[in-house]
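Summary of structural features
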Amino acid sequence: MNSSNSVPSHLVIASRESRLALWQAEHIQARLSDLHPQCDVRILGMTTRGDQILDRPLSQIGGKGLFIKELEVAMQEGRADLAVHSLKDVPMEMPEGFSLTVIAKRENPCDAFVSNTHESIDALPAGAVVGTSSLRRESILRASYPQLRIEPLRGNLDTRLRKLDEGQYDAIILAAAGLIRLGLQGRIRAILTPEQSLPAPGQGALGIEVLSERADVIAALSPLDDAETAHCVRAERAFSRALGGSCQVPLGGYAVLENGVLRLRGFVATPDGLQIVRGELTGRPEDDESIGRRLAQQLRDRGANAILAAVTTGQ
């Protein structure tokens, strides 16, 4: 073990083996290599249970933690030193002994409308089939476009695009960030604004997870942290955490920093979109988690408790 003041001679990044996950790991690998040329940075590709179970929605098979458990075991066993995640896929409660030590600069956080036949979601005819893996997106779509058919869509990014190209769907909704990172922005017909589709907490941002005891790794990674993104994501995740947020709860949370003021918007809904409670709160960036908790309480005071109880009871 190296001291907390020295950079390790080598670092191993645990990563899922999807093309997007590997791009993210390679992006962090390149940045670390630039920062610490003397450090040998390698990637350990792994398949997780979330990648293996593709015939059921995430909300039915245990949630987002299925994508990171094997990566955490690799760190516990000393086979890896860190893991790179899409933050929207990271559970709101970190397992004991692990920490999100870095939140890197955010890519476009919005949802993207992808279709081979229609220019926008408003152009879809009644009965058109729209694919999404997210209860958040499903609730928004059912609320705003009840004439559409919303069907589950699992698999990595390439698999989802292939299913669209095969004609299984008229359109699909994906995170814009993943398409942009893989050079597939040409597939995007339209970016959905936060007003149309409020993003998921952490969407578009990368988080780096390490063992909390690894002071040497934490020190080596610290220059990668982006303060503005971190404030926004901490507010979003605190909001979600205070509402018991998981992939079983249709919930959106999105913060921006403008002129030194943090603005957080959030909602919680039933999957059918018939009940939605929304809210917004502003404050100082350094109060990020407090803003998240306070907005969650505001939504509870406005009726979110009944929605959360209905969602939980209906599982």
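With that settled, the discussion passes to the overall build of the chain. What the chain contains, in helices and strands, is 10 helices and 13 strands. A globule of 315 residues ought to have a C-alpha radius of gyration of about 20 Å, and the chain, at 19 Å, matches this closely. Summarising its shape, the C-alpha atoms of the chain cover approximately 60 × 45 × 40 Å along the three principal directions. Taken across its 315 residues, the chain has 53% of its residues classed as buried. Of the contacts formed within the chain by residues at least 6 apart in sequence, a portion of 70% connects residues at least 24 apart. Accessible surface, the chain: about 13,500 Å² in total, of which carbon and sulfur atoms supply 47%. Of the charged side chains in the chain, 35 are positive and 39 negative; the average position of the first set lies 3 Å away from that of the second.

Here the focus is unusual backbone geometry. If you check the backbone angles, Asn 259 has positive phi at about 50 degrees while not being a glycine. Mapping Asn 259 onto the fold places it in the loop between β11 (251-258) and β12 (261-269).

Let us now look at the side chain of Glu 236. Note on placement: Glu 236 falls in helix α9 (residues 227-242). Judged by relative accessible area, Glu 236 falls into the buried class, the value being 0%. Within polar-contact distance, the side chain of Glu 236 engages the backbone nitrogen of Ala 255 at 2.8 Å. Excluding its chain neighbours within four sequence positions, the residues that come into contact with Glu 236 are Arg 106, Ala 200, Pro 201, Gly 202, Gly 253, Tyr 254, Ala 255 and Leu 264.

Further remarks concern the nonpolar core. Core analysis: the biggest nonpolar cluster contains 20 residues, and Phe 239, Leu 243, Leu 264, Val 268 and Leu 299 have the highest contact counts within it. Mapped by element, the contributors of at least two residues to this core are α9, β11, β12, β13 (276-283) and α10 (288-313). Take this core: its biggest share by element is eight residues, from α10. Dropping the residues within four chain positions of it, Val 268 is found in contact with Val 249, Pro 250, Leu 251, Gln 275, Ile 276, Val 277, Leu 299, Ala 304, Ile 307 and Leu 308. If you look at the next biggest cluster of nonpolar residues, it comprises 17 residues, including Ile 13, Leu 32, Val 41 and Ile 208.

Taking strand neighbours across the sheet as the criterion, the five strands line up as β7-β6-β8-β5-β9 in an open arrangement whose pairing is mixed. Looking along the sheet, the strands with just one partner apiece sit at the ends: β7 (149-152) and β9 (188-192). The sheet shows a mean angle of 30 degrees between the axes of neighbouring strands, direction not considered. When strand β5 (residues 111-114) meets β9, the two strands line up antiparallel, connected through four bridges. Directly across from Val 114, in β9, lies its bridge partner Ile 188.

Moving on, we get to the sheet that holds β12. Strand order in the open sheet formed by three strands is β11-β12-β13, and the pairing between neighbours is antiparallel. Both edges of this open sheet fall to β11 and β13, since each of them pairs with a single strand only. Strand-to-strand twist in this sheet, taken as the mean axis angle between neighbours without regard to direction, amounts to 10 degrees. In the sheet, β12 pairs with β13 via eight bridges, with the strands oriented antiparallel. Its bridge partner lying in β13, Val 268 is registered against Val 277. Helix-sheet contacts for helix α5 (residues 135-144) involve β11, β12 and β13, and the interaxial angle to β12 is about 75 degrees.

The next point concerns the confidence of the model for the chain. Mean pLDDT over the chain: 91, with 90% of residues reaching 70 or higher. Counting contacts from residues 50-56, a segment whose pLDDT is below 50, to residues more than four positions away or on other chains yields 12 contacts. Throughout residues 58-64 the model reports pLDDT below 50, and contacts reaching past four residues in sequence, or to other chains, amount to 18 contacts.

Turning next to the side chain of Asp 111. Position of Asp 111 among the secondary structure elements: in strand β5. Given a relative accessible area of 0%, Asp 111 falls into the buried group. Side chain to side chain, Asp 111 and Arg 136 meet in a polar contact 2.9 Å long. Discounting residues that sit within four places of it in the chain, Asp 111 has contacts with Arg 136, Arg 137, Ile 173, Leu 174, Ala 175, Ala 176, Ala 190, Ile 191, Leu 192, Ser 197 and Gln 203.

Scanning all chains against the criterion turns up 20 salt bridges. With a closest N to O distance of 2.8 Å, Arg 189 and Glu 119 form a salt bridge. Of the two residues, Arg 189 sits in strand β9 while Glu 119 sits in the loop between β5 and β6 (129-132), which places them 70 residues apart along the sequence. Arg 263 is paired through a salt bridge with Glu 280; the nearest N and O atoms lie 2.9 Å apart. You can see Arg 263 sitting in strand β12 and its partner Glu 280 sitting in strand β13, a full 17 residues away along the chain. You can call Glu 280 partly exposed: its relative accessible area is 40%. Members of the salt-bridge network, linked through shared partners, are Asp 81, Arg 214 and Asp 216.

About the criteria used
Residues numbered from 1 in each chain as written. Predicted model: local features only at pLDDT ≥ 70, side-chain atom pairs only at ≥ 80, totals over all residues. Heavy atoms only, no water. Helix = DSSP H or I, 4+ residues; strand = E, 2+ residues; numbered from the N terminus. Rg over C-alpha atoms; globule rule 2.2 N^0.38 Å. Buried < 20%, exposed > 50% of the residue type's maximum accessible area, 1.4 Å probe, protein only. Contact = heavy atoms within 4.5 Å. Areas by Shrake-Rupley, 256 points an atom, 1.4 Å probe, with all protein chains shown as cover. Lys, Arg positive; Asp, Glu negative; His and termini not counted. Charge placed at Lys NZ, Arg CZ, Asp CG, Glu CD. Polar contact = N/O pair within 3.5 Å; in protein donor to acceptor, adjacent residues only side chain to side chain. Core = buried A, V, L, I, M, F, W, Y, C linked by side-chain atoms within 4.5 Å. Pairing = 2+ DSSP bridges. Axes fitted to C-alpha atoms, helices over the stretch in contact; angles between N-to-C directions. pLDDT = per-residue confidence, 0-100. Salt bridge = Lys/Arg side-chain N within 4 Å of Asp/Glu carboxyl O.

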